Amino acid sequence: MTKENRLWEKGFIRPAIILSLAILVIVFSHLSLAQTTSNTTAEIQSLNQSILALENRTAYYPSAAVPSWLDTGSNAWMLTAATFVGLQSIPGVALYYAGLSKKKYAVNTALMVFYAFAAVLIVWMIAGYNAGFGYPAFIHVGEYGIMGYPLPAWSGIYEAHQAVYGPGGTLVNIPMSTFIFFQFVFAAITPVLLAGGVLERMNFKAWMLFVPLWSLLVYSPVAYWLFAGGWLNQLGAVDFSGGYVIHVDAGVGALAAALAIGPRLASERKLEAHSLPLVLAGTGLIWLGWNGFNGGDPLGATIDAAIAVLNTNIAAATSAIAWMFMDMAFFKKPTLVGATSGAITGLVAITPAAGYVNGWEAMVIGIASGTIPWLALYKLEPKLRVDDTLGVFSTHGIAGIVGGLLTGVFADPSVTQYVAPGLTGALYGNWYQLAVQALGAAVVFVYDFAATFGLLKLIGLFVPLRAEPTELAIGDYAMHGEVAYSELLATIPESAKRKTEETAVVEENEKKK
């Protein structure tokens, strides 16, 4: 027997072979580890993304379409909320204002609203959005942001990346395109509301110039100050969803515009709602659309969004009934126009406070908004001797100020913890909040009035601000060549019809040239 056989029998060689093979495996694994580590990491990341995609039910989209920062539920809600707010303007306010206006101005009224909505979107994409929300600040005083860069917001890469806004570079877990559109519908409804102060006499061509310029020069700066984190926000002022930015802007702008343009024809300086069904239909769209108005402000599907929606409806209902009681106390009967006006003042007043207050406080705000704007409309405005056609100054400007100040009183830390931790009102010991809310109201009032009045006077140097008396005597047919109701055609003089037809022929010939 050889030496090797004896060693095998004694069991020495077999373990040695096994040990050698084990060493070879270890060495091979060590040499290949560096090569496989990067592949393994990539596979793990891909697996995690696939799991996330399956959880969000987005497995069929390219991975770039659903990045890790995107909250798909919040994005869906924000797009829906923005659509609700858009519907408040068209057809909501268009129907509401048209119903409140005289029959012969129904087309002009609706077209003023429709044009404003479309024109603001154009200027918003060209410069308005970045002027009002752009990051970083273009104009600033030290650390206080005044205005963003007025640059276009239409780059594909820009629209696709995560939303970031304001001087502080606040990040939101929705795409920039969603954020831009959401903020647009707020920008659009502001001049839409302002139109109610100048109906039944403003030259439509002057309106066409006024809307985009006003949106850029008035709305965007105020939005930067109180929505985007600008200097008034930095001082501590808050405006949950636009009590100041939208409604004080619209109400004070309407007052200034009515003063700059002048009153209606002497025979027409009285509210004559020609269609109460239109008024009611418009109010319904405005009221329920406000769920998106205030419910979208937290910028996501959050607890505070739900609180804001509930408070919005509490205030609207309370204010509508309070306004009806005021009508009954002073005019001896409730009216549909009054009830709808009260609902809207309630919606306006709760807007700066909706996500900061509790339910009983929302009800108190509703009582205040159903009484104080009523007194402003029927007791204060007549003394001002300004022809504010639909009382926009009282129903939006005064109501917005009331809501903004009461936000400084009622901001409840048990509610604000969900959206602005640390925010408290005077009722909870923070009197500074009330003071800074008053400062915010004063700043917006003065800037808005001066800028609106000055802008209209400047436009008036080039285009008449008022429609011609001959046009006003006829109304829609003279202004636009169409009427809302066919029976109106029988009331139009033949000379006016011929003039309109001749004008249409001339315009058609000019187009052919």
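Residues numbered from 1 in each chain as written. Predicted model: local features only at pLDDT ≥ 70, side-chain atom pairs only at ≥ 80, totals over all residues. Heavy atoms only, no water.

Caption draft 1: Structural detail: the nonpolar core. Grouped together as the largest cluster of nonpolar side chains are 117 residues, with contacts concentrated most on Tyr97, Tyr129, Phe133, Phe179, Trp207, Phe210 and Tyr219. Here Tyr219 is in contact with Trp124, Gln183, Phe186, Ala187, Thr190, Trp214, Phe227, Val245, Ile246 and Asp249, once residues within four sequence places are set aside. (Core = buried A, V, L, I, M, F, W, Y, C linked by side-chain atoms within 4.5 Å. Buried < 20%, exposed > 50% of the residue type's maximum accessible area, 1.4 Å probe, protein only. Contact = heavy atoms within 4.5 Å.)

Caption draft 2: The arrangement of the packing of aromatic side chains in detail. Tallied over the entire structure, the rule returns 31 aromatic pairs. Relative to Phe445, the ring of Phe393 lies with its centre 6.3 Å away and its plane at 80°, an arrangement referred to as edge-to-face. Of this pair, Phe393 sits in helix H14 (residues 392-410) while Phe445 sits in helix H16 (residues 431-459), and the two are 52 residues apart along the sequence. For Phe445, a relative accessible area of 27% corresponds to the partly exposed category. (Phe/Tyr/Trp six-rings, centres within 6.5 Å; stacked < 30°, edge-to-face > 60°. Helix = DSSP H or I, 4+ residues; strand = E, 2+ residues; numbered from the N terminus.)

Caption draft 3: Inspection of the pattern of salt bridges at higher detail. Using the criterion set out here, one finds five salt bridges in the structure. The shortest N-O distance in the salt bridge between Lys102 and Glu200 comes to 3.0 Å. Highlighted residues: Lys102 in the loop between helix H3 (72-100) and helix H4 (106-133) and Glu200 in the loop between helix H6 (176-194) and helix H7 (204-226), separated in sequence by 98 residues. No difference in accessibility class separates Lys102 from Glu200, as the two residues are buried. Among the ionic pairs, Arg264 bridges to Asp387, the shortest N-O distance being 2.8 Å. Here Asp387 lies in the loop between helix H13 (359-384) and H14 and Arg264 lies in the loop between helix H9 (243-261) and helix H10 (276-295), a separation of 123 residues in the sequence. Judged by relative accessible area, which is 5%, Arg264 ranks as buried. The buried category is assigned to Asp387, whose relative accessible area is 12%. (Salt bridge = Lys/Arg side-chain N within 4 Å of Asp/Glu carboxyl O.)

Caption draft 4: Main features of unusual backbone geometry. Backbone torsion omega between Ile90 and Pro91 reads 15°, so that peptide bond is classified as cis. Relative to the helices and strands, Pro91 is located in helix H3. Residue Pro136 is reached from Tyr135 by a cis peptide bond, and omega for that bond is 0°. Its location among the elements puts Pro136 in the loop between H4 and strand E1 (137-141). We note that Leu299 has phi near 65°; this positive angle belongs to a residue other than glycine. Structurally, Leu299 is set in the loop between H10 and helix H11 (303-331). The exposure class of Leu299 is buried, given its relative accessible area of 10%.

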